[in-house]
Amino acid sequence: MKAIYRTKDNRISFELTGETPKELFKAISNIQEVFEAESSCGCCQGTVLQYRVREDNDGNEYYELACLHCYAKFSFGQNKKGGGLFAKRYDKDHNRIENNGWRKWEKKQGATNSAPQRQETDDSLPF
Ligand SMILES: [Zn+2]
């Protein structure tokens, strides 16, 4: 079976194949999880979002959406097997991340150093 699936924002169309309804269901589910995760920024509600992949010095890759208005970022976690991605809405302690998962760089209050500081530490996002 083949299916054409277009994301709800009409930006991307996918051609999917599956031998069974279950396989197609999974394929659509994977697309929705990643490519329909967010249609606007959780911090400023901006709708100009870009998919970005960053690589650190150790070769680890980080998949994220970036808001081109306020520079907030939304991270995707990576499944250990199969190449799957998932929207990160919870931190390591299973607490919901505020702004529906969107985070911004912010200066620490009272900091004399002008270098940007992360709001919270998350070693999966080394900047
Ligand atoms: Zn924004």
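What counts, and at which threshold
Residues numbered from 1 in each chain as written. Predicted model: local features only at pLDDT ≥ 70, side-chain atom pairs only at ≥ 80, totals over all residues. Heavy atoms only, no water. Helix = DSSP H or I, 4+ residues; strand = E, 2+ residues; numbered from the N terminus. Buried < 20%, exposed > 50% of the residue type's maximum accessible area, 1.4 Å probe, protein only. Contact = heavy atoms within 4.5 Å. Areas by Shrake-Rupley, 256 points an atom, 1.4 Å probe, with all protein chains shown as cover. Donors = N, O, S within 2.8 Å, 3.2 Å for Na, K, Ca; no water. Tetrahedral: all angles 85-135°; square planar, octahedral: opposite > 155°, others 65-115°. Phe/Tyr/Trp six-rings, centres within 6.5 Å; stacked < 30°, edge-to-face > 60°. Core = buried A, V, L, I, M, F, W, Y, C linked by side-chain atoms within 4.5 Å. Pairing = 2+ DSSP bridges.

Novice: Could you clarify how one ought to interpret the overall build of the protein in this entry?
Specialist: The secondary structure content of the protein amounts to 1 helix and 9 strands. In sequence order, the secondary structure elements of the protein are arranged as β-β-α-β-β-β-β-β-β-β. When burial is assessed residue by residue, the protein has 31% of its 127 residues classed as buried. Contacts spanning at least 24 positions in sequence make up 34% of the contacts within the protein whose residues lie at least 6 apart. Of the accessible surface of the protein, which amounts to about 9100 Å², a share of 46% is contributed by carbon and sulfur atoms.

Novice: Before we go on, may I ask you to explain the coordination of the zinc ion in this structure?
Specialist: Here the zinc ion is held by Cys41 (SG), Cys44 (SG), Cys67 (SG) and Cys70 (SG), and the distances to it run 2.3 Å. Metal-centred angles of 102 to 114 degrees between the 4 donor atoms at the zinc ion mark the site as tetrahedral. In terms of primary sequence, the donors binding the zinc ion are separated according to C-x2-C-x22-C-x2-C. Taken as a pair, Cys41 in the loop between helix H1 (21-35) and strand E3 (49-55) and Cys70 in the loop between strand E4 (61-67) and strand E5 (73-78) lie far apart in primary sequence, 29 residues in all. With respect to burial, Cys41 and Cys70 carry one shared label: buried.

Novice: In this structure, what is going on with the packing of aromatic side chains? I would like to understand it.
Specialist: The geometry of two aromatic rings is summed up by the distance between their centres and the angle between their planes. One pass over the structure, following the stated rule, counts 4 aromatic pairs. Ring geometry for Phe14 versus Phe35: centroids 5.2 Å apart, planes at 45 degrees, classification tilted. Note that Phe14 is positioned in strand E2 (residues 13-17) and Phe35 in helix H1, a separation of 21 residues in sequence. Measuring from centroid to centroid gives 5.6 Å for Phe74 and Trp102, while their planes differ by 45 degrees, and the two rings are tilted.

Novice: Help me out: how do you make sense of the nonpolar core in this one?
Specialist: Across soluble globular proteins, nonpolar side chains have a tendency to be buried as a group. If you look at the biggest cluster of nonpolar residues, it comprises 12 residues: Val34, Ala37, Cys41, Leu49, Leu65, Cys67, Cys70, Ala72, Phe74, Phe76, Ala87 and Trp102. Looking at this core, the elements with two or more residues in it are E4 and E5. Excluding residues within four positions of it along the chain, Leu49 makes contact with Arg11, Glu38, Ser39, Ser40, Cys41, Leu65, Ala66, Cys67 and Trp102. Core analysis: the second largest hydrophobic core is formed by 6 residues, Tyr5, Phe14, Leu16 and Leu24 among them.

Novice: Teacher, can you tell me more about the pairing of E2 here?
Specialist: Side chains on a regular strand alternate between the two faces of the sheet. Across the two faces of E2 the burial differs, with Phe14 and Leu16 buried and Ser13, Glu15 and Thr17 not buried at all. Both strand E1 (residues 2-6) and E2 contribute to a ladder of 5 bridges, which runs antiparallel. Looking across to E2, one finds that Lys2 is bridged to Thr17. The antiparallel hairpin formed by E1 and E2 contains 6 residues in its connecting segment, where Asn10 sits at a positive phi of about 65 degrees.

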